[in-house]
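Spelled out, the chains give:
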Amino acid sequence: MAPPHSMTARELLEWYAEAGVDETIADRPVNRFEEKPQAANPAAPPVPPEPGPGESKPIESNGEKKGLADAAAPSPSPREPPPEPPVSVPQGGANGEVTAAVHLARSAGSVDELRRALESFDGCGLKKTATNLVFTDGNAQAPILFVGEGPGAEEDRQGLPFVGPSGKLLDKMLASIGLDRTGVLISNTVFWRPPGNRTPSAQETAVCMPFLERLIELVDPKVLVALGGPAAKSLLAETTSVGRLRGKWFSYSTPGLARPIDATALYHPAYLLRSPGQKRVTWMDWLGIKRKLQAP
Ligand code: URA
């Protein structure tokens with residue numbers, strides 16, 4: 001949608017801000033909604049027929065920059081990649097995009113393949129407005145995987161998760177227990193920036209979830225940490241606030257995992273930047289994570 005021509009410069013700026021355009025990236029606007037000729041996608045599996053009424057919905061994806069993780073990780077990992085689990089396609093998805101995501105994600109046998117699958121995937125609407133795919137950063141063979149909510153402006157620019165202000169705090173907290181990005185893997189519940197940094201919708205989360213689940217299976221970390229409420233809700237299947245979940249341990253399992261993974265939730269670093277009073281309890285949580293990592 002274009003703004004009306006009669007607007008003053010100030011009205012125009014306000015119009016853009018209301019539409020979620022909160023920063024300038026280039027001198028000229030790019031219409032990402034413009035119809036493009038459909039390129040053949042050899043990686044995409046045949047999509048089964050549309051699910052029926054009453055079934056849930058999904059959505060769509062973009063390009064990227066490589067994270068330290070996959071660049072550094074010799075593939076394949078020394079651990080055997082988990083066998084492809086039996087396909088139990090979630091019932092739901094008014095347009096079949098979740099189903100397509102499940103098939104595509106399960107066909108990936110390594111984190112690199114999963115990244116390529118995600119690059120080829122056009123089922124998440126967030127891809128249309130994002131600059132880059134933001135998938136992982138860190139070490140794909142690390143014993144710990146952190147999952148945040150979704151990329152912000154700086155992440156979208158660089159194509160890497162947690163590189164903005166909350167990423168800087170995350171790095172400091174990692175350092176406090178002797179870790180850095182060479183010893184952890186970091187990802188998100190959605191892989192493209194939600195416009196204006198809004199919370200990802202249920203559809204956007206649902207369509208990215210098969211890729212996140214496959215990432216967890218392929219990395220098979222000892223410890224899984226949800227950063228903030230939306231990640232905790234997605235991974236721990238809990239509806240209570242992070243304030244009630246933090247400090248507790250849960251089991252994360254999927255049919256493709258050989259054994260359940262110890263999982264917990266932390267306050268999101270962005271929340272801690274706004275509420276530094278919560279840093280004290282969070283420090284206790286980090287010590288709990290350190291103990292869990294060191295346990296036999
Ligand atoms: N917040 C998130 O949840 N993820 C990022 O990658 C950056 C900020």
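Summary of the structure given here. Since the model is a prediction, treat every value here as computed from it, not as a measurement.

## A closer look at the pattern of salt bridges
Here is step 1 of the chain: According to the stated counting rule, one finds nine salt bridges in the structure shown.
Here is step 2 of the chain: Between Asp137 and Arg181 there is a salt bridge; the shortest N-O distance is 3.0 Å. A residue pair is termed long-range when its members are at least 10 positions apart, and Asp137 in strand E1 (residues 137–138) and Arg181 in the loop between helix H7 (165–176) and strand E3 (185–188) qualify at 44 residues.
Here is step 3 of the chain: The exposure class assigned to Asp137 is buried, which follows from its relative accessible area of 6%.
Here is step 4 of the chain: A salt bridge links Arg214 to Glu217, with the shortest nitrogen-to-oxygen separation between them at 2.8 Å. Placement of both Arg214 and Glu217 in helix H8 (residues 202–219) is noted, with a separation of three residues, approximately one turn of the helix. Take Arg214 and Glu217: they sit in the same class, and that class is buried.

## Some points on helix H3 (residues 97–106)
Here is step 1 of the chain: Counting buried residues in H3 gives eight out of ten residues, a clear majority hidden from the surface.
Here is step 2 of the chain: Listed in full, the buried residues belonging to H3 are Val98, Thr99, Ala100, Ala101, Val102, Leu104, Ala105 and Arg106.
Here is step 3 of the chain: Check the buried side of H3 and you find it contacts helix H4 (111–120) and H8.

## Examining the nonpolar core
Here is step 1 of the chain: The biggest cluster of nonpolar side chains holds 67 residues, and the ones touching the most others in it are Ile144, Phe191, Trp192, Phe211, Leu215, Leu224 and Trp286.
Here is step 2 of the chain: At nine residues, the largest contribution of residues to this core is made by H8.
Here is step 3 of the chain: Once you skip the residues sitting within four places of it in the chain, Leu215 turns out to touch Val111, Leu114, Phe135, Thr136, Leu145, Leu185 and Ser187.

## Quick notes on the packing of H4 against H8
A pair of packed helices can be characterised by two numbers: the angle between their axes and the separation between those axes.
Here is step 1 of the chain: Two elements in contact, H4 and H8, have axes whose closest approach is 10 Å; the angle formed by their N-to-C orientations is 170 degrees. Judged on the interaxial angle alone, H8 and H4 are roughly antiparallel. Along its contact with H4, which presents Val111, Leu114, Ala117 and Leu118, the element H8 presents Phe211, Arg214, Leu215, Leu218 and Val219.
Here is step 2 of the chain: Considering only residue class, the contact of H4 with H8 consists of eight nonpolar, no polar and one charged.

## Some details on the environment of Tyr252
Here is step 1 of the chain: Residue position: Tyr252 is located in strand E5 (residues 250–252).
Here is step 2 of the chain: What makes Tyr252 buried here is its relative accessible area of 5%.
Here is step 3 of the chain: Sequence spacing of Tyr252 and Ile216 is 36 residues, and the spatial spacing of their C-alpha atoms is 9.6 Å.
Here is step 4 of the chain: Tyr252 has contacts with Glu213, Ile216, Leu224, Leu235, Leu257, Pro260, Ile261 and Ala263, leaving out every residue within four places of it along the chain.

Basis of the calculations
Residues numbered from 1 in each chain as written. Predicted model: local features only at pLDDT ≥ 70, side-chain atom pairs only at ≥ 80, totals over all residues. Heavy atoms only, no water. Salt bridge = Lys/Arg side-chain N within 4 Å of Asp/Glu carboxyl O. Helix = DSSP H or I, 4+ residues; strand = E, 2+ residues; numbered from the N terminus. Buried < 20%, exposed > 50% of the residue type's maximum accessible area, 1.4 Å probe, protein only. Contact = heavy atoms within 4.5 Å. Core = buried A, V, L, I, M, F, W, Y, C linked by side-chain atoms within 4.5 Å. Axes fitted to C-alpha atoms, helices over the stretch in contact; angles between N-to-C directions. Parallel < 35°, antiparallel > 145°, perpendicular 65-115°, else oblique. Nonpolar A, V, L, I, M, F, W, Y, C, P; charged D, E, K, R; others polar.

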